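Results of the structural survey
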Amino acid sequence: PATGPTTSPEGRLIVIPMASIAEKAGHKVLLVDARTLALSPKDVAVILADFKPDAMGFMMTTYMFQDTLEWIRYLKIQCPVPIIVGGYNLRVYPRETLVHPEIDFGVVEHAYFTIPALLTELSCTDPNFDRVPGLVYKKGGDIVVTPHPQLIDFNLFPNPARHLLPNELYAEFTAERRNFTVMVTSLGCPYKCSFCEAGGTIYNSRSPQTVIHEIEECYDKYQIRDIDIFDYNFTAERERVLEICRLICEKGLNISWACRSRVDTVDKELLEIMKKAGCSRIYFGIESGSQDTLKVMRKGISIREIQTILHICRSLGIRTLGFFLIGAPGDTREKVFETIRFAKSLPLDYAQFSKTLAKPLTPLWSDLLNITGKDYWK
């Protein structure tokens, strides 16, 4: 589902680990959040002229690809250096992305191994990009994708480079305090909902100690008091959540935080502990008010579970947001209104309705390919 409420999972705050990875490898990094700072391409070009970069990096999503490409085209004319792109789009369409002449390199997997190796090769007089894992690049007239055999350990990632960001400007309409930030404590999701690109992917979580270290850094260094934990399902590992909450209380961290969850991975005992540790908001993927539609979407939850957990949250003073999808396979006009009536009957503080998309690499996308024989996004 949409995993907002106001910040996309592919959004600008999530990409900053790449900056910290480059810094850890000894490189000087400038991070420009043009959207938050209300900068035009011309404004950014002025900043780049002063910084004089050796390379530029951009986040490319499938849905905003053309918009980002326009920025790349303009800025590369103003600052003719190699262009590196990353993001989920590269995992699905690496070669299609590199077809565009403005783009020189793509990071196909996570940046942890790829970026340091790529920047090393770019500094060589005779670079060999075949040595860079998980890279897509142009070699003569061909587009080459190199293998990425290394295993990703999310614990090893450095904390995001928040010192390069205007932290005081970030906000979310459900947030209660400033400064505000987004945090990711796990990758992937063991569940297999038909509409989600993370469904069935390897669940790779940071340890409670690593998570607390990042929270403490946010608290002490950046005066952050409100955190949106942007995991697909923060409560997937009960014992990890319990330990994170215990450490927050033990260290006396006076923070408010939000997370995304499933109604079948929490209960009253866990919610009480989360509330005590500062959890003020939970965003649940509810999707539909029709049990038949939930079954089609392979959601694996029941109407009764949804009602029970939301009432518990209300009783504990935890605000809730429900994500709903409209237009799932089998949805009819009546089922859509059934979902709306169901949403209005729940003790929700917020509801967000999104159209159902056959996102790349989801089961819905595979079904679309099989039925139509055409890949819309490609």
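Numbering of residues begins from 1 in every chain and follows the order in which that chain's sequence is written. Given that this is a predicted model, residues contribute local features only at a pLDDT of at least 70 and side-chain atom pairs are listed and counted only at 80 or more, while totals for whole chains, interfaces and linings are drawn from all residues. To obtain the side-chain values, all non-hydrogen atoms of the structure were used and water was disregarded.

Side note on the pattern of salt bridges
For this analysis, a salt bridge means a side-chain nitrogen from Lys or Arg found within 4 Å of a carboxyl oxygen belonging to Asp or Glu. Counted by the stated rule, this structure contains 24 salt bridges. Across the pair Asp104 and Lys76 runs a salt bridge, and its minimum N-O distance is 2.6 Å. Of this pair, Asp104 sits in the loop between α5 (94-98) and β3 (105-107) while Lys76 sits in helix α3 (residues 65-78), and the two are 28 residues apart along the sequence. In the salt-bridge network here, residues are joined through shared partners; they are Glu70, Arg73 and Glu102. Think of it this way: any DSSP run of H or I at least four residues long counts as a helix, any run of E at least two long counts as a strand, and we number them from the N terminus.

Comments concerning the layout of surface pockets
Only protein atoms enter the 1 Å grid, on which a cavity is a set of points fitting a 1.4 Å probe that cannot get out and a pocket is an open set with protein on both sides within 12 Å along at least 5 of 7 lines, lining residues being those with an atom within 4 Å of a point. Grid points are joined across faces, edges and corners, and a volume is the space filled by probe spheres set on the points. Of the volumes computed, that of the second largest pocket is approximately 230 Å³. Lining the second largest pocket are Thr62, Tyr63, Phe65, Gln66, Asp67, Asn89, Tyr93, Glu96, Thr97, His100, Trp377 and Lys378. Mapped onto the lining of the second largest pocket, the elements with two or more residues apiece are α3 and α5. When residues of the lining of the second largest pocket are assigned to their parent elements, the largest contribution, three residues, is made by α3. Residue composition of the lining of the second largest pocket, by class: four nonpolar, five polar and three charged. The classification used treats Ala, Val, Leu, Ile, Met, Phe, Trp, Tyr, Cys and Pro as nonpolar, Asp, Glu, Lys and Arg as charged, and all other residues, Gly among them, as polar.

Observations concerning the sheet that holds strand β10 (residues 256-261)
Only when DSSP finds a minimum of two bridges between them are two strands counted as paired. Sheet architecture is open: six strands sit in the order β6-β9-β10-β11-β12-β13, paired in parallel fashion. Every other strand in the sheet has two partners, leaving β6 (180-183) and β13 (350-355) as the edge strands with one partner each. Pairwise comparison of adjacent strand axes, ignoring direction, gives a mean angle of 20 degrees for this sheet. Pairing of β10 with strand β11 (residues 279-287) involves five bridges; the strand directions are parallel. Paired with Trp257 across the strands is Cys279, a residue of β11. In this analysis, two residues are considered to be in contact whenever any of their non-hydrogen atoms come within 4.5 Å of each other. To obtain an axis, a line is fitted to C-alpha atoms, over the contacting stretch when the element is a helix, and the angle between two such axes runs from 0 to 180 degrees between their N-to-C directions. The strands touched by helix α7 (residues 208-221) within the sheet are β6 and β9 (226-229), with β6 carrying the most contacts at an inclination of about 160 degrees. Packing of helix α11 (residues 303-316) onto the sheet brings it into contact with β11 and β12 (319-326), and relative to β11 it is tilted by some 165 degrees.

A short note on helix α12 (residues 333-345)
Under the 1.5 Å per step criterion, the end-to-end length of α12 is 19 Å for 13 residues, consistent within 8% with the ideal 18 Å. Looking at the buried residues of α12, the elements they touch are β11, α11, β12 and β13. For a helix, the expected span equals 1.5 Å multiplied by the number of residues minus one.

Notes on the packing of helix α1 (residues 17-24) against helix α6 (residues 111-122)
Running from N to C, α1 and α6 cross one another at 50 degrees; their axes reach a closest spacing of 9 Å. One element, α1, and the other, α6, form an angle in the oblique class. Two packed elements cross with a definite hand, and for α1 against α6 that hand is right-handed. Contacts between α1 and α6 involve Met18, Ile21, Ala22 and Lys24 from the former and Ala111, Tyr112, Ile115, Pro116 and Leu119 from the latter. Of the residues in the contact of α1 with α6, the class split is eight nonpolar, no polar and one charged. Between 65 and 115 degrees an angle is taken as roughly perpendicular, under 35 as roughly parallel, over 145 as roughly antiparallel, and anywhere else as oblique. Handedness of each helix crossing follows the sense of rotation of the near helix against the far helix: counterclockwise by less than a right angle gives left-handed, clockwise gives right-handed.

Quick word on the confidence of the model for the protein chain
How sure the predictor is of each residue is captured by pLDDT, a score from 0 to 100. This prediction gives the protein chain a mean pLDDT of 93; 96% of its residues lie at or above 70. Per-residue pLDDT stays below 50 along residues 1-15; that stretch engages in 49 contacts with residues further than four places along the chain or on separate chains.

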